[in-house]
Amino acid sequence: MMNDEQLQRYSRQIMLPDFDYQGQQKLLSARVLIIGLGGLGSPVALYLASAGVGTLVLVDDDVVDQSNLQRQIIHGEADIGTSKVLSAKQSIAALNSDVLVVTINSRLEASALLKEVIKADVVLDCCDNLATRLAVNKACLQSHTPLVSGAAIRMEGQITVVDPRQPNTPCYHCLTQLTGDQQGSCSTNGVMAPLVGIIGATQAMEAIKVLSSFGEPLVGKLLLLEAKTMHWQTFSLAKDMNCVSCGEN
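Residues numbered from 1 in each chain as written. Predicted model: local features only at pLDDT ≥ 70, side-chain atom pairs only at ≥ 80, totals over all residues. Heavy atoms only, no water.

Novice: Looking at this structure, I do not really get the nonpolar core. What am I missing?
Specialist: Most often, soluble globular proteins keep nonpolar side chains buried together rather than apart. Judged by nonpolar contacts, the single largest core of 44 residues is most densely connected at Val32, Ile34, Leu48, Leu56, Leu58, Ile92 and Leu124. Grouped together as the second largest cluster of nonpolar side chains are 26 residues, Ile104, Val136, Cys171 and Leu222 included. (Core = buried A, V, L, I, M, F, W, Y, C linked by side-chain atoms within 4.5 Å. Buried < 20%, exposed > 50% of the residue type's maximum accessible area, 1.4 Å probe, protein only.)

Set out below in structure tokens:
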């Protein structure tokens, strides 16, 4: 049950008619796994903490570098050389000390990844490489855990939601088979700072919708942003019945 301080802190969310007290209580009881504390993971972690998600599990094996500070807003100059998960934990504690933060300063793989995914109510894919994205997608399919995936590079971004609890919905692998291999990194292609904030904040919104059964998450849809013109497009995604990850599910 929420105490008086929590009722005041989250009052602006509680007053939303379709969210109200029950929605906030679901957030406070939730456990969210965030893969990657870079450009996308930074706003994701901050907004989920500010919104009142009870437990955040942060996963990243990297340390803060000066080149990160242009877009990874959860880290500061004093954090250079510090592990990203520790830096993020400190920022979250300063924002909302009620949030329980679990840090994993390593790359999760195979059974270790699946173990954490099983414990989560929703997973946020905020990483920057295809191999990890596909591994996270596979673990979410195996455990029937919802996945919110985001990507941003140059001036383009995308978000989709995978919910294996719903029948006949496409997975992230279905998307990659449709769009092809689009591997790339900000270090080699560049990225505009606010773009990752926009995409990360949208991921956080989608996670809140999934956790609280609020609104209509982007399940079976792909939301694209071309930031040069601020042009948004939404596409419907069909399940690939021959997908090597979910085709038989």
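The discussion continues.
Novice: So what exactly am I meant to see when it comes to the pattern of salt bridges here?
Specialist: If the charged atoms of two oppositely charged side chains come close together, the side chains can form a pair. Tallied over the entire structure, the rule returns nine salt bridges. We note a salt bridge from glutamate 116 to arginine 31, for which the minimum N-O separation is 3.5 Å. On the criterion of sequence distance, the pair formed by glutamate 116 in helix H6 (residues 110–119) and arginine 31 in strand E1 (residues 31–35) is long-range, its members being 85 residues apart. Residue classification places glutamate 116 among the buried residues on the basis of a relative accessible area of 11%. Several salt bridges share partner residues, and in doing so they unite Arg31, Glu116 and Lys119 into one network. (Salt bridge = Lys/Arg side-chain N within 4 Å of Asp/Glu carboxyl O. Helix = DSSP H or I, 4+ residues; strand = E, 2+ residues; numbered from the N terminus.)

Novice: What exactly am I supposed to notice about the pairing of strand E3 (residues 100–104) here?
Specialist: For a regular strand, side-chain orientation follows a simple rule: the groups alternate between the two sheet faces. Examined bridge by bridge, strand E2 (residues 55–59) and E3 share five bridges and lie parallel to one another. Within E3, the position partnered with leucine 56 by the bridge is valine 101. Handedness of the crossover is the feature at issue here: the chain leaves E2, passes through helix H5 (residues 84–95), returns alongside E3, and the resulting connection is right-handed. (Pairing = 2+ DSSP bridges. Right-handed = clockwise from strand over helix to strand, strands pointing away.)

Everything listed is a geometric property; what it means functionally is a separate question.
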